[in-house]
Amino acid sequence: MRPAMSAIILVAVIFLLVMKPKVAAAPAVVASSSPAKESWGQTPAVLAQKWSAPGQTQAYTDIRTVLKLHDIDDYMSTIVHNDTYYRSVRDACFLRFPHCAEMAAADGGRSCFDAKTEVFMSKQCAPACRVCDWSSRELMCNHHDNEALDALRPGDLHRMFEAMSSDPALEELYGPRVIHSRPGGGGDGEGSGSASASASAGTTHIPDGPWVITFDNFLSKEERDVLIHYGHTIGKGFQQSKVRVGTAGSANRTSSTNWINHEALMDPIIIEIQRKLEKVTGYVFPENNFEPLQVLRYGEGGKYDHHHDYFPPHGDRSHGHRVLTIFLYLNDVESGGGETHFRDLGGAAAAAAATEGMAITPRAGRMLIWPSVLNERPNERDDRTFHGSLPVGEGGIKYGANAWIHIRDYRTPKRKCKF
């Protein structure tokens, strides 16, 4: 071989040896995501103990569980012990059950949020479900989520009610529809829903005020009966109403209440009622913005003095303020009384007397809706919608249900809060 050719070959061989990429030894387990790099230098046995409660360790029998252990280490190391949001919970967030990683890995994490297992998983296996903050009532109940989305912008409330008051499909499904009050008022509204005589002193003129609308055939008899049934049977049945959360009832509120929750939320009839509530409000509000239905029972003389559904402390919580109230009447009150009374509407001058203002008569199946906030400033209270439930007549009984709608997601923070 000529010297020149030999020199070329030698240079080529040296180049290949120098430039050959170095192949690193593959880790024992390859992640499907990108957990903290440090965790890959630790054996599964180390990770199984690292975030377990003192004296415990995690069982691991397959590749999915090992991957979950790496995921737990990523969550705890890079998020819980790195973000000041978790400062109050990080030292108490452990895997408290030896099969947490296995359970969370076995079904792709569904056990963390399944109705039958989420309470156990959130308390015993919080790192595996990435929910260390669920253990803090302060974080879950009172924390204001700046990234939560408002369902209403300025002007949206009026647009929603305009559609509700004019949509012929809603009239056909749930009517007759009656507009008892609206911004700017109006003349004879025959055919599109006009003010009732009780709401407008015997005329068909629609008073100027906030939107107040009824649909007289919103609930079927079966739906009404199911709500009343659950009111009597969920938990301990109807209990003395609270004036505010955590406070006992008083002389100004003498009803009893119960909440539609737990298994009742999965009843097809309850699901259908929820679907109808979303439909009538134009699908502006997702289901999670609704509080669970509150069923009420008023006996003879039962009442609720004038009050407002807007509760200022809600503004500091993730779910924000109540923006709408829907009241569902579940029976006719044969004895009379039980009207929903707006003291400042219908032309009355801010008087609390029951002879003035606007009164909506209970009627089985009727739905009543009104706003708690202002159209252009949907986080501020509309002072015109103070209302009360007038006393039920002698020997009478009144059943109803409240649906309160919040400007932001209510159910997700409250579900976490209860743990």
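As a reminder, the structure under discussion sits directly above these lines.
Residues numbered from 1 in each chain as written. Predicted model: local features only at pLDDT ≥ 70, side-chain atom pairs only at ≥ 80, totals over all residues. Heavy atoms only, no water.

**Q** Please clarify how helix H8 (residues 156-166) should be interpreted in this entry.
**A** It helps to recall that an α-helix has 3.6 residues per turn; residues three or four apart then point in one direction. All buried positions along H8 are accounted for by Asp156, Leu157, Met160, Phe161, Met164 and Ser165. In a view along the axis of H8, the buried residues occupy a sector of 165°, so they form one face of it. Among the structural elements, helix H9 (168-174), strand S1 (177-181), strand S2 (212-215), helix H11 (268-280), strand S7 (322-329) and strand S10 (367-371) are those in contact with the buried residues of H8. (Buried < 20%, exposed > 50% of the residue type's maximum accessible area, 1.4 Å probe, protein only. Helix = DSSP H or I, 4+ residues; strand = E, 2+ residues; numbered from the N terminus. Arc of directions from axis to C-beta. Contact = heavy atoms within 4.5 Å.)

**Q** How should I be thinking about the pairing of strand S5 (residues 294-298) in this particular structure?
**A** Within a regular strand, the side chains alternate between the two sheet faces. Burial of S5 is extensive: four of the five residues sit out of reach of the surface. Inspection of the sheet shows strand S4 (residues 256-259) paired to S5 by four bridges, in the antiparallel sense. Note that in S5 the partner of threonine 257 across the bridge is leucine 296. The pairing of S5 with strand S12 (residues 398-406) spans five bridges and is antiparallel. Paired with arginine 297 across the two strands is tyrosine 399, which belongs to S12. (Pairing = 2+ DSSP bridges.)

**Q** Mind showing me how you'd approach the sheet that holds strand S11 (residues 387-389) here?
**A** Pairing between the strands of a sheet comes from backbone hydrogen bonds, and it takes one of two forms, parallel or antiparallel. The antiparallel open sheet is built from four strands, whose spatial order is S6-S11-S8-S9. For this open sheet the edge positions go to strand S6 (304-307) and strand S9 (358-360), each flanked by a neighbour on one side alone. Neighbour-to-neighbour, the strand axes of this sheet turn through a mean angle of 15°, independent of strand direction. For S6 and S11, the ladder comprises two bridges, and the chain directions are antiparallel. Along S11, the bridge assignment pairs histidine 307 with histidine 387. (Axes fitted to C-alpha atoms, helices over the stretch in contact; angles between N-to-C directions.)

**Q** How should unusual backbone geometry be read in this particular structure?
**A** Leave glycine aside and you will find that most residues have negative phi; peptide bonds, for their part, are mostly trans. Looking along the chain, the bond that leaves glycine 175 and enters proline 176 is cis, with omega of 10°. The residue arginine 130 is not glycine, and still its phi comes out positive at about 60°. Checked against the element boundaries, arginine 130 lands in the loop between helix H6 (126-129) and helix H7 (137-142). At tyrosine 283, a position not held by glycine, the phi torsion is positive, near 55°. Here tyrosine 283 is to be found in the loop between H11 and S5.

**Q** Just checking my understanding: could you explain the nonpolar core for this structure?
**A** Nonpolar side chains in soluble globular proteins tend to end up buried together. In terms of nonpolar packing, the biggest core is built from 46 residues, with Phe161, Met164, Ile260, Ile273, Phe285, Leu324 and Leu328 touching the most fellow members. Counting residues per element, the ones that place at least two in this core are H8, H9, S2, helix H10 (221-233), H11, S7, S10 and S12. For this core, the element with the most residues is H11, which contributes five residues. The contacts of isoleucine 273, once residues within four sequence positions are left out, are Leu219, Glu223, Leu227, Leu293 and Leu328. Core analysis: the next-biggest nonpolar cluster, separate from the first, contains 25 residues, Leu47, Trp51, Tyr75 and Trp134 among them. (Core = buried A, V, L, I, M, F, W, Y, C linked by side-chain atoms within 4.5 Å.)

**Q** Help me out: how do you make sense of the packing of aromatic side chains in this one?
**A** What characterises a pair of aromatic rings is the spacing of the ring centres plus the angle enclosed by the ring planes. In this structure the tally under the stated criterion is ten aromatic pairs. For the pair tryptophan 259 and tryptophan 404, a centre-to-centre distance of 6.3 Å together with 50° between the ring planes defines the contact as tilted. Placement of tryptophan 259 in strand S4 and of tryptophan 404 in strand S12 is noted, with a sequence separation of 145 residues between them. Owing to a relative accessible area of 31%, tryptophan 259 belongs among the partly exposed residues under this scheme. Tryptophan 404 gets classed as buried once you look at its relative accessible area, which sits at 7%. Ring centres of phenylalanine 327 and tyrosine 329 lie 4.8 Å apart, and the angle between their planes is 65°; this geometry places the pair in the edge-to-face category. The same class applies to phenylalanine 327 as to tyrosine 329, namely buried. The residue whose ring lies beneath arginine 343 is phenylalanine 386, and the NZ or CZ to ring-centre distance is 4.6 Å. (Phe/Tyr/Trp six-rings, centres within 6.5 Å; stacked < 30°, edge-to-face > 60°. Lys NZ or Arg CZ within 6 Å of the ring centre and 35° of its normal.)

**Q** Honestly, the sheet that holds S1 in this entry has me stumped. Any pointers?
**A** Spatially, the eight strands line up as an open sheet ordered S1-S2-S10-S7-S12-S5-S4-S3, and their pairing is antiparallel. The open sheet is flanked by S1 and strand S3 (239-240), the only strands paired with a single partner. Contacts from H10 reach S4, S5, S7 and S12 within the one sheet, and its direction differs from that of S5 by about 80°.

**Q** Would you take a moment to explain the state of the cysteines for this structure?
**A** Here a disulfide denotes a covalent bond joining the sulfur atom of one cysteine to the sulfur atom of another. What the rule picks out here adds up to three disulfides. Covalently, cysteine 100 is tied to cysteine 125 through a disulfide, its sulfur atoms 2.0 Å apart. Taking the sign of the torsion about the S-S bond as the criterion, the disulfide between cysteine 100 and cysteine 125, at about -70°, is left-handed. Residue cysteine 100 is located in helix H4 (residues 100-106), and its partner cysteine 125 is located in the loop between helix H5 (118-124) and H6; the two are separated by 25 residues in the primary sequence. Comparing cysteine 100 with cysteine 125, the two get one shared label, buried. In this model, cysteine 112 is linked to cysteine 129 through a disulfide, with the two sulfur atoms separated by 2.0 Å. Handedness here is read from the sign of the S-S torsion; for cysteine 112 and cysteine 129, about -80°, the answer is left-handed. (Disulfide = S-S within 2.5 Å.)

**Q** How do you make sense of the pairing of S12 when you look at a structure like this?
**A** For S12, a buried count of nine out of nine residues is recorded, marking the element as mostly surrounded by other parts of the structure. What you see with S12 is no split at all: Lys398, Gly400, Asn402, Trp404 and His406 on one side and Tyr399, Ala401, Ala403 and Ile405 on the other are buried throughout. In terms of strand pairing, S7 meets S12 through seven bridges, oriented antiparallel. Directly across from leucine 328, in S12, lies its bridge partner alanine 401.

**Q** Looking at this structure, I do not really get the pattern of salt bridges. What am I missing?
**A** A side chain of one charge can pair with a side chain of the opposite charge if their charged atoms are brought near each other. Per the counting criterion, the structure on display carries 22 salt bridges. With its nearest N and O atoms 3.0 Å apart, the salt bridge here joins arginine 130 to aspartate 71. Taken together, the positions of arginine 130 in the loop between H6 and H7 and aspartate 71 in helix H3 (residues 63-80) put the pair 59 residues apart, joining distant regions of the chain. When the shortest N-O distance is used, the salt bridge between aspartate 305 and lysine 303 registers 3.3 Å. Within the structure, one salt-bridge network assembled from shared partners comprises Lys68, Asp71, Asp74 and Arg130. (Salt bridge = Lys/Arg side-chain N within 4 Å of Asp/Glu carboxyl O.)

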